[in-house]
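Take a look at the letters that make up each chain.
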Amino acid sequence: MSEKKLRVLSGIQPSGKLTIGNYIGAMINFVALQREYDCFFMIADLHAVTVPQEPADLREQTEMVAALYVAAGIDPARAAMFVQSQVPQHAELGWLMTTLSYMGELERMTQFKDKSAGKEAVGAGLFVYPSLMAADILLYQANLVPVGDDQKQHLELTRDLAGRFNHRYGDLLTIPEPYIPKVGARIMSLDDASKKMSKSNPNAGSYIALLDEPDVIRKKIARAKTDLGKEIVYDPQNKPEISNLMSIYAHCSGLSLEDIQARYEGQGYGAFKKDLAEHVVATLEPLQRKYKDIRASGAIHDILRDGAEKAMAVAETTLRQVKDLMGFLLPRR
Ligand code: AMP
Ligand code: TRP
């Protein structure tokens, strides 16, 4: 008899173009994990609206992320792919998790501090965002959550909330573990390696979008900032810009950092950047081709409907158990 597979849940917000940071930090692991785990991959649209979104853009970007999931290699026959707002249990458990969260712990979240810094009006949704993220994970009793480094603190909070719930109401919720890549957990901006590469950066030259045309990618890499000196060495402390480019190179070529270092010994940044651009283009071209086919086929809607159905069955079971333990009067079946 085969053992029950462990569960994986993760999500990406449809709040702009996905970048190669999302790909390396998260999506590559989604694809790798789907063979061995019972996977749920979400498009976190309820999270996206914690900052204002144009309705038409939100809809387009939601379809875009879904199609990129498939183009990147997520197999809807193995993994449930769904849109968060189509599974209402997220909003409901999100509220319950909010009531379990402390102001102090939410105030300590660095993503909240970054996103609210200097703003006059800060949406309350931005503040309780991590409680909703905890609900996303706990609804599926997920064991593993593949994310980039920036989500580690939210995962810690999720673990605390699950522990708090179990302590107060009874042992129900699985305490999840983060699953973070060793290299590439934090891909940095091409114009400033002290900042995370982000789709919300107004300077498009700072990121490589997964749907950037090959020539755009070549141009962006040619213009990427480099460090003083000309050696290609992995040294994030002293050579942050080159080290970041090396992480991208490693993921797109399959070579190790040592291999890359050896290959460019005695050569300057020019040769390295030129090859890097071709590795990135070769990685993204097939993904882009597949993306166009999927968008043209319209298949995404069926995939998302099936995914939401599968997700809802699991989510409803957990939510019912949570509500029962908390003392909500459940409707008689
Ligand atoms: P988001 O775009 O904020 O919804 O992030 C979706 C996933 O991509 C999360 O797991 C992030 O940690 C990951 N991610 C986003 N940006 C980067 C980056 N620059 N480097 C590595 N991972 C990233
Ligand atoms: N907060 C995550 C991000 O911005 C997206 C997200 C929402 C998520 N819910 C999740 C990631 C649950 C992992 C698990 O990257």
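Criteria and cut-off values
Residues numbered from 1 in each chain as written. Chains lettered and ligands numbered in written order. Predicted model: local features only at pLDDT ≥ 70, side-chain atom pairs only at ≥ 80, totals over all residues. Heavy atoms only, no water. Domains from an automatic or database assignment. Contact = heavy atoms within 4.5 Å. Buried area = accessible area lost by both parts, 1.4 Å probe. Near = heavy atom within 4 Å. Polar contact = N/O pair within 3.5 Å; in protein donor to acceptor, adjacent residues only side chain to side chain. Helix = DSSP H or I, 4+ residues; strand = E, 2+ residues; numbered from the N terminus. Nonpolar A, V, L, I, M, F, W, Y, C, P; charged D, E, K, R; others polar. Areas by Shrake-Rupley, 256 points an atom, 1.4 Å probe, with all protein chains shown as cover. Buried < 20%, exposed > 50% of the residue type's maximum accessible area, 1.4 Å probe, protein only. Pairing = 2+ DSSP bridges. Right-handed = clockwise from strand over helix to strand, strands pointing away.

Caption draft 1: Local environment of the domain arrangement of the chain. One can read the domain layout of the chain as domain 1 (7-180 + 298-326) and domain 2 (204-292). On a C-alpha basis, the centroid separation for the pair domain 1 and domain 2 is 30 Å. On the side of domain 2, 13 residues touch domain 1, which itself brings 15 residues to the contact. Summed over both sides, the interface between domain 1 and domain 2 buries roughly 1,300 Å², with carbon and sulfur atoms accounting for 79% of that surface. For domain 1, the biggest contributors to the area lost against domain 2 are I20, I24 and A71; these three give 40% of the whole.

Caption draft 2: Structural detail: the site of ligand 2. Close to ligand 2 lie 14 residues; Q13, Y129, M133, D136 and Q151 are nearest. One of the side-chain nitrogen or oxygen atoms of Q151 is found 3.2 Å away from an oxygen atom of ligand 2. Counting residues per element, the ones that place at least two in the shell around ligand 2 are β1 (7-12) and α7 (124-138). Of all the elements, α7 adds the most residues to the shell around ligand 2, at four residues. Of the residues assigned to the shell around ligand 2, the class counts are eight nonpolar, five polar and one charged.

Caption draft 3: Structural view of the environment of V87. Along the chain, V87 falls in the loop between β3 (80-83) and α4 (89-100). With 229 residues separating them in the primary sequence, V87 and E316 have C-alpha atoms 9.1 Å apart. Once residues lying within four places of it in the same chain are set aside, the contact partners of V87 are F82, Y140, A308, A311, M312 and A315.

Caption draft 4: Inspection of the site of ligand 1 at higher detail. Looking at ligand 1, there are 17 residues lining it, with Q13, G148, D150, I187 and K199 nearest. A distance of 2.8 Å separates an oxygen atom of ligand 1 from a polar backbone atom of G148. Here I187 contributes a backbone N or O atom positioned 2.7 Å from a nitrogen atom of ligand 1. Considering ligand 1 on its own, with 480 Å² of exposed area, one finds that the protein chains cover 94% of that surface. Top contributing element to the shell around ligand 1 by residue count: helix α1 (residues 20-33), with four residues. Across the shell around ligand 1, the residue classes break down as six nonpolar, seven polar and four charged.

Caption draft 5: Fine view of the environment of D171. Tracing the backbone through its elements, the reader meets D171 in the loop between α8 (152-169) and β5 (177-179). Given the relative accessible area of 73%, D171 is considered exposed. Taking the C-alpha atoms as reference, D171 lies 34 Å from K115; in sequence the two are 56 residues apart. A distance of 3.3 Å separates the side chain of D171 from the side chain of N166, its partner in a polar contact.

Caption draft 6: Region of interest: the pairing of strand β2 (residues 38-43). Taking burial as the measure, the six residues of β2 include five buried ones, the bulk of the element. In this structure, β1 lies alongside β2, joined through six bridges in parallel fashion. Among the inter-strand pairings, L9 is bridged to a residue of β2, identified as F40. In terms of handedness, the path from β1 via α1 over to β2 forms a crossover that is right-handed.

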